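This is what each chain is made of:
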Amino acid sequence: MEQTGTIHRLMSATDPVTMDKIVSLCKRRGFVFPSSEIYGGLGSSYDYGHYGVLLKNNIRAQWWRAMLQEREDIVALDSAIIQHPTTWRASGHLEGFTDPLVDCRTCKLRFRADKLEDGHCGRKPSKHPGETPDCDLTEARDFNLMFETTVGPVREEGATVYLRPETAQGIFLNFKNYMQFARKKPPFGIAQVGKSFRNEITTGNFIFRTREFEQMEMEFFVPPDQAAEWHQHWLAERMRWWTGLGLRPDHLRLRAHGADELSHYSSATSDVEYLFPIGWSELEGIANRGDFDLTQHAEFSGQKLEYVDTATGERYVPHVIEPAAGADRGMLAFLVDAYDEDEIEGERRTVLRLHPVLAPVKVAVLPLVRKDGQPELAREVYLELRDRVQADYDEGGAIGRRYRRQDEIGTPWAVTIDHQSLEDRTVTLRDRDTLKQVRIAIGNLADALEERLREPWRSPKLD
Ligand code: GAP
């Protein structure tokens, strides 16, 4: 059975979580695999394995909950990935969504002209591009980040379309539909979760920056004179969401963009930044987009995209506040924040101290031994629990090894069926973080777990 002795934490500020540790845990435990691995992999593409799917589902579900269930001023949308190509002329992406790139004629590699200090020249020993006498860089050219494809069987003029580089535009394209069907008056929002695509040049850093990724975006339409106030509201609200799901407040910060950093559509943007292993980096952008998008789409489509109050005749183009988060980047932040190592009476373990509502599996059901009727009773308990919460059943190997496996995927509770369980229908319930075990009647288990899931949670890494 589990040792419940003193727990020695092994990780500290001087022994930080590295990206390598996260990448290796993700592969070992089936969260994330490099994509197309049997063909040698495809740079910056990843596949989500079983526990990765469950974790990302939980992140999305919590986002939807905060947007839809806990409010009444936001509605949902799932728009197409391929939109009419004029969308991207109107939004400014065709012209402005570019990175300046230089090619090296010697090593044939391509680099971001504004980030040469992050690039690595193809020559050995590795230097930054332009630093060796052999480097022969071209002038910088603008390179559009949108992926192009063709609609229909013939590659003809006018058939070029783009994979969306942000989910936001699908929302603006549907503004008129929502004015008619949703009977909403600003302030109100439209929320969407889905894949976006960018032909990023500077990739790497695991799932932090990839060419296809998932966004969780909400466009909040407000009367123009309330835009600044709602911007502040969403800054506070989004920080509350990330910390409420367990991210340590001292690893999160808000950073306002300088004038030279603002996107073409934004009058003010603040990023929620997380202290990733690569340093402070953007987790979510919260922008004041003004009336840029609705005005542009009105001009290019010839449609009126405005709010009209039928009672008073008042009409205006709403301004937009946009919290735009990345689901994959969010998952990376939750994994980094949760990753921990400790030692219990000489035995080391890796543990993901995830908020229980995010944990891929809430409870593992484990017979102590694979005989004496224990597996049969354990299956009965598992079948009952899985009706209420995501549960795993595991009877293979030593009990300590099975606990370790669950610790590594962040399962907050483990139920162990032992010889006493067969006599009095009680089991032990073990806590991932404290390792405390309590004995509890099988009949009370599901209620007890659901009650624990509702309780406020704080990262043990803060203690
Ligand atoms: N509609 C506004 C917009 O798209 P953004 O700051 O470019 O704003 C929002 O993207 C969020 O999407 C980012 O904060 C990040 O979490 C995520 N994101 C953007 N590019 C990404 C990439 N290449 N890989 C992974 N996530 C990305």
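Just so it is clear, the model here is predicted, and its values are computed rather than measured. (Residues numbered from 1 in each chain as written. Predicted model: local features only at pLDDT ≥ 70, side-chain atom pairs only at ≥ 80, totals over all residues. Heavy atoms only, no water.)

Chemist: Give me the lowdown on the overall build of the protein, citing residues and values where you can.
Modeler: The number of helices and strands found in the protein is 13 helices and 24 strands. Taken along its principal axes, the extent of the C-alpha atoms in the protein is 75 × 70 × 45 Å. Restricting to contacts in the protein with at least 6 residues of sequence separation, those with at least 24 account for 67%. Side chains of the protein carry 60 positive and 74 negative charges; the gap between the two charge centres is 3 Å. (Helix = DSSP H or I, 4+ residues; strand = E, 2+ residues; numbered from the N terminus. Contact = heavy atoms within 4.5 Å. Lys, Arg positive; Asp, Glu negative; His and termini not counted. Charge placed at Lys NZ, Arg CZ, Asp CG, Glu CD.)

Chemist: Quick one: what's the story with the pairing of strand S11 (residues 212–222), residue by residue and with numbers?
Modeler: Most of S11 is tucked away: ten of the eleven residues are buried. As paired strands, strand S10 (residues 188–197) and S11 are joined by ten bridges and run antiparallel to one another. Opposite Phe188, over in S11, you have Phe221 as the bridge partner. One ladder, built from six bridges, connects S11 with strand S17 (residues 319–326); its direction is antiparallel. The partner of Gln215 across the bridge, within S17, is Gly326. (Buried < 20%, exposed > 50% of the residue type's maximum accessible area, 1.4 Å probe, protein only. Pairing = 2+ DSSP bridges.)

Chemist: How would you summarise the site of the ligand if you had to cite specific residues and measurements?
Modeler: With respect to spatial proximity, 21 residues lie near the ligand, and among them Glu166, Arg198, Thr210, Glu217 and Glu282 are the closest. Measuring from a nitrogen atom of the ligand, one finds a backbone N or O atom of Thr210 at 2.8 Å. Protein burial of the ligand: of its 550 Å² of free accessible surface, 92% is covered by the chains. Put simply, the parts of the chain that give the shell around the ligand at least two residues each are S11, strand S14 (279–290) and S17. Considering each element in turn, the shell around the ligand owes the most residues, five residues, to S14. A class-by-class count of the residues in the shell around the ligand yields seven nonpolar, four polar and ten charged. (Near = heavy atom within 4 Å. Polar contact = N/O pair within 3.5 Å; in protein donor to acceptor, adjacent residues only side chain to side chain. Areas by Shrake-Rupley, 256 points an atom, 1.4 Å probe, with all protein chains shown as cover. Nonpolar A, V, L, I, M, F, W, Y, C, P; charged D, E, K, R; others polar.)

Chemist: Help me get a handle on the environment of Ser126, residues and values and all.
Modeler: Mapping Ser126 onto the fold places it in the loop between strand S6 (110–112) and strand S7 (141–144). Overall, the relative accessible area of 44% leaves Ser126 in the partly exposed class. Expressed as a C-alpha distance, the spacing of Ser126 and Arg432, which sit 306 residues apart in the sequence, is 44 Å. Apart from residues lying up to four places away in sequence, Ser126 is in contact with His120 and Cys121.

Chemist: Outline the sheet that holds strand S24 (residues 437–441), listing residues and values.
Modeler: Taken in spatial order, the five strands of this open sheet run S21-S20-S22-S23-S24, and their pairing is mixed. At either margin of the open sheet sits one strand with a lone partner, and together these are strand S21 (391–393) and S24. Adjacent strand axes in the sheet meet at a mean angle of 25° when their direction is disregarded. Relative to S24, strand S23 (residues 426–431) runs antiparallel, the two sharing five bridges. For Arg430, the partnering residue across the bridge sits in S24 and is Gln437. (Axes fitted to C-alpha atoms, helices over the stretch in contact; angles between N-to-C directions.)

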